[in-house]
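Observations on the three-dimensional arrangement
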Amino acid sequence: MKIAFATQDQQRVDAHFGWAKHLAVYEIGPGGYHFVEDFGFGEDLAEDGNEDKLAPKLAAIHDCAIVYVAAIGGSAAARVVASKIHPVKVNQPEPILDILDKLQDVLKGTPPPWLRKALMKGQARSFDFEDDEEVNKS
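This write-up is about the structure you can find in this document. Keep in mind that this is a model prediction, so the values were computed, not measured.

Re the pairing of strand 4 (residues 32-40)
By the bridge criterion, eight bridges tie strand 3 (residues 22-29) to strand 4 in an arrangement that is antiparallel. Along strand 4, the bridge assignment pairs Ile28 with Tyr33. Here strand 3 folds back onto strand 4 in antiparallel fashion, the turn holding two residues.

Here it is in structure tokens:
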């Protein structure tokens, strides 16, 4: 599963989603995690009400299941959720690698329902109809 982090310094989750200079993307699973890509964003980030700044960010993280942010506005949160990305707000700047370590521990155990749903992003639901037929025959 891919996870994005809104960051100014590329080390910590320390940025408002709309104003983030970077969105760092990592791939994570129970066995480990690795850095995938950093999406950098230039000027015009702090311009309140400029919804156009969100489109490139949403496009950059379209295949992520979760985005960690220091803050996110209501309109941006609605667009993130509509893109089937779960926003997670941190209360204070937190190192990205610490978050990844904690999340990996959770993935090794029994993830909460919201995380299990996030894990399913991009995976087609599969049903084994042969098993159903076996049940119906008996």
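A short note on the sheet that holds strand 6 (residues 86-89)
Judged by pairing direction, the sheet is mixed, and its five strands sit side by side in the order 4-3-1-5-6 without closing on themselves. The strands lining the two open edges of the sheet, one partner per strand, are strand 4 and strand 6. Here the strands of the sheet are splayed against their neighbours by 25° on average, with no regard to which way each runs. Relative to strand 6, strand 5 (residues 66-69) runs parallel, the two sharing four bridges. Paired with Val69 across the strands is Lys89, a residue of strand 6. This element, helix 3 (residues 96-108), spans strand 1 (2-7), strand 3, strand 4 and strand 5 of the sheet and lies at about 25° to strand 3.

Rules behind the numbers
- Residues numbered from 1 in each chain as written.
- Predicted model: local features only at pLDDT ≥ 70, side-chain atom pairs only at ≥ 80, totals over all residues.
- Heavy atoms only, no water.
- Pairing = 2+ DSSP bridges.
- Helix = DSSP H or I, 4+ residues; strand = E, 2+ residues; numbered from the N terminus.
- Axes fitted to C-alpha atoms, helices over the stretch in contact; angles between N-to-C directions.
- Contact = heavy atoms within 4.5 Å.

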